Amino acid sequence: MRITAFLDIPGQDNLTPLARLEKYAFSENIFNRQIIARGLLDVFRDFSNNEEDFLTVMEIVVRLSEDAEPTVRTELMEQIPPIAIFLQESRPNFPTAFSDYLMPIVVRYLTDPNNQVRKASQEALLILLEQELIAQNDIENKVCPILLDLSAPDSDDEYKVEAVNIICKMASMLSKTIVERMLLPRFCELCGDGKLFQVRKVCAASFGDICNAVGQEATERFLIPKFFELCSDSVWGMRKACAECFMAVSYTTSPEVRRSKLSPLFINLISDPCRWVRQAAFQSLGPFISTFANPSSAGLYIREDGTLSIRPSAQDVTSSSCQPGNNANITSASTNIVSSSSEQPTEIKSESSSDGTSAEANPLICVETPRTDLLKEGSNSCGSPGEALARLSQNDNTTACVIEGIKDCHVSNCRGVNSRFQSAEDVFNTFLYWRPPLPDISQDLELLQSKTEKHEEGCSVSKAICNNCVASSEIKKVLESLQEHMDDPDVQAQVQVLSAALRAAQFESINDYETKHTEESNGKLQNELSTFEASHATVEKNTLSSSSFQDDVSDQSTTSILKSKESEEQHNGTIEFLEKEQHHNPPIEDDKSKLQDIIPQPLLDQYLSMTDPARAQTVDTEIAKHCAYSLPGVALTLGRQNWHCLKDTYETLAADVQWKVRRTLAFSIHELAVILGDQLTAADLVPIFNGFLKDLDEVRIGVLKHLYDFLKLLHADKRREYLYQLQEFVVTDNSRNWRFRYELAEQLILILELYNPNDVYDYLRHIALTLCSDKVSEVRWISFKLVVAILQKFYANNANALGLNLINELVARFRHCSKWIGRQAFAFICQALVEEECMPVDHFVEHLLPSLLSLASDPVPNVRVLLAKALRQTLLEKAYFKSVGNPHLEAVEETVLALQSDRDQDVCFFATVKPKLNNMDTTSLEKQN
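All values derive from a computational prediction rather than experimental measurement.

A. Representation of the environment of L802 in the model. Of note, L802 is situated in helix α38 (residues 800-815). Counting along the chain gives 44 residues from L802 to N758, while the straight-line C-alpha distance between them is 7.9 Å. In this structure L802 touches P757, N758, Y761 and F794, once residues within four positions along its chain are discounted.

See below:
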């Protein structure tokens, strides 16, 4: 019944319906006006046939919108969206009615003195924008101007907050041009509003939506500077809101901005003094890292349906890039070392060569050094047999990796230095993104250079050592300044990274050329070696002086040695010295396994620290769960070639004491298997998967829900090992957890295709028959489908003998079951076999049809009801039973006639009624029975 049906009652006051509408719309009784406002849609439908009456109704609505009662105005505003939809459908008759009459009401109510009316108008405006019911002209000339007025600096505080909220919400519904031209300048202005922190908080919370609306160019030009201001706001709520929307902001920026600007900004949020900000930052860390994902490097991409797919890379990056080479004693985290034997100056190569011939020819030393502004050109003189050049660069994506070949040379002949920089895109250094570059100290270097003039012929080695000693002393000053605040865990995090940078600043260069031809050359070698040992001792002393807060002192230092077959005997002393160095610093090998070049290293270091128990105390007790939740995204970003960076963290999470953490991993292990590939899955994920199989039901359900997805990624021999373990899923911690068994039956239907018929018969058949006798009907019905699928597999693979054995077992177990539920299950299985055509018809009529027809005399009506459905709705609809002269048709028809005269009314009904569809509704069967 319509709300305004009383307007149609004739003879009550001798007024026309339109006059009666006007009477009640302006009645002194508030209730009458509320009824009219609430039923405006029905009124418009009644009077839309006549244009004059329609315009009259519009005028009444306009007058009603000026009602002094807030409840009437609220009721009116709530009806505006459905009226607008109605007018949209009737646009040919009233093309401008909404724009001329109703849109001004919506705009005016945005400034209504009553809060409830304003809220209603704001909701109506957003609905109209979402449904695209407002013309672009009205948006530019009516909506945006009023919002700009309400958000002006001199506007009322309450109105300003509401206007900002609307601007942020409607930005995603408007065109990029309108947002950038009309709303973006005001939004940037509001981000710096110093009067109300509520305004800045709304801007910070919606920053990602605004960035997405205006695009990359406007984001980097206008919004990123404002985002930096909000991230350093004095109110912690602003910084927390920025941390929560960091991923959305990063998504709309270029890789360069993301790496060079947003990464250090995010590190600041992770180190924020406020615990709530740190908590939000760590929760957003994984999503932020995922924005660095590059399908070309990861080898994977996400399809439109959300599934992962493998995309072969042009250059497949293998795990060998982070392992020692066969012909060289090199250990490098994620890069390949390239050596050149030419006499050309050092040059930067974009790709690393896999050719190892030069590595075999020369003993090489690869040193990764932090990027500072201490860049000095090495001397090109050949006074010494070999030299080590330290290249310190400020480029955004370049870490200097100098490789020098020390080759045999005589006193009168020097072949120079063989060096080549590592790829600018393949190496990333942590130090650059933690703090601004160190100050220019070129004058100090000149003084140091003047002191080493006596070593002019071999000055390259000493100069590099001095440079790094100065760099180490500068970093040491910063570390000493932070010692006063070591109680703060965030300062400790900064100290750890700076300590890693201090360690990386140590330049290790060794001149091990020992000539037997001239005493002069031998003297030069001894002089350079003693200089190196003295410098190394100085740097080591500086490092040990701050060892109380330098836990990760060897994160960024990588030293690699290649033996030369040509001069093996000549360099034994040098090799022994380097072996002592590696033995003195055993953590280097472990730390190098965490290096990669996809994302900024500080981000990965902070992500890996989320499993630290201290984080749970100082940040969030759920931090390990957030780490587990985002781990597949981080693994996808890094790619399988960098799985070594996450392996230890994943194993730590898999052994976490909180079952919620393990449950999160269990639900995503199949996705991680797709990312890692079959080899890494078999080596690293299968043991963890086996552990989850024996865990709590809350964890096992995660594995079970995607059991098929995981098993199909394994090799056949590895997959076969799980056949026996599948039986363990039947037993649960709580027998009432029937959904666990239901999920098992659903997964087994999918798993059937992974095994041969013999394995299915030996292992899965028993599980299926056990589930068919479950206490819960939902589990039984899905298990019946499982049995049908097993029979279908047998006959599809010509395993007729196995199918016949299972049929005989079904007859013995269910047809002759003492409980009526078992006999009803037999009728359903037979119906499903015919419906799905799982087996040849002659096999069905020979082995199953006689037992099925014998159910006509079953004493339980529910069994006979299902038999009637199977015969009338399935068997008699098949062409085999419709053919004339079929010897089995007569027996089926006689059984149907007997069921039509059954004493039970339901049996008679289903034996008589013709099927509407040839599909079975198992849900209805279960409910009826």
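Let us keep going from here.
B. Quick look at the packing of helix α32 (residues 697-705) against helix α35 (residues 738-751). The geometry of α32 relative to α35 is characterised by a closest axis approach of 10 Å and an angle of 20° between their N-to-C directions. In terms of their interaxial angle, α32 and α35 are classed as roughly parallel. Taken as a pair, α32 and α35 cross one another with a handedness that is left-handed. The segment α32 lies against α35, with D697, R700, I701, L704 and K705 engaging F740, E743, L744 and Q747. In terms of residue class, the contact of α32 with α35 is made up of four nonpolar, one polar and four charged.

C. The arrangement of the packing of aromatic side chains in detail. Across all of its chains, the model carries 18 aromatic pairs by this definition. A ring pair is formed by F288 and F292, whose centres lie 5.5 Å apart and whose planes are at 75°; its orientation type is edge-to-face. Since its relative accessible area comes to 0%, F288 is described here as buried. A relative accessible area of 9% places F292 in the buried class.

D. Spatial organisation of unusual backbone geometry. Phi angles above zero are rare outside glycine, and E132 is one such case at about 55°. With respect to the element layout, E132 can be found in the loop between α8 (115-130) and α9 (136-150). Judged by its relative accessible area of 68%, E132 falls in the exposed class.

E. Representation of the packing of helix α5 (residues 70-78) against helix α7 (residues 97-109) in the model. The N-to-C vectors of α5 and α7 enclose an angle of 130°; their axes lie 11 Å apart at closest approach. Judged by the angle between their axes, α5 and α7 are oblique. Both α5 and α7 take part in a crossing whose hand is left-handed. Between α5, through R73, L76 and M77, and α7, the contact on the second element is made entirely by I105, V106 and Y109.

F. Up close: the pattern of salt bridges. If you walk through the whole model with that rule in mind, you get 28 salt bridges. For D67, the salt bridge goes to R33, with nearest N and O atoms at 2.5 Å. Within this pair, whereas D67 is found in the loop between α4 (51-64) and α5, its partner R33 is found in helix α2 (residues 30-38), the two being separated by 34 residues in sequence. Classification of D67 by relative accessible area gives buried; the value is 11%. Relative accessible area serves as the criterion here: at 11%, R33 is assigned to the buried category.

Reading guide: rules and limits
Residues numbered from 1 in each chain as written. Predicted model: local features only at pLDDT ≥ 70, side-chain atom pairs only at ≥ 80, totals over all residues. Heavy atoms only, no water. Helix = DSSP H or I, 4+ residues; strand = E, 2+ residues; numbered from the N terminus. Contact = heavy atoms within 4.5 Å. Axes fitted to C-alpha atoms, helices over the stretch in contact; angles between N-to-C directions. Parallel < 35°, antiparallel > 145°, perpendicular 65-115°, else oblique. Left-handed = near helix turned anticlockwise from the far one by under 90°. Nonpolar A, V, L, I, M, F, W, Y, C, P; charged D, E, K, R; others polar. Phe/Tyr/Trp six-rings, centres within 6.5 Å; stacked < 30°, edge-to-face > 60°. Buried < 20%, exposed > 50% of the residue type's maximum accessible area, 1.4 Å probe, protein only. Salt bridge = Lys/Arg side-chain N within 4 Å of Asp/Glu carboxyl O.

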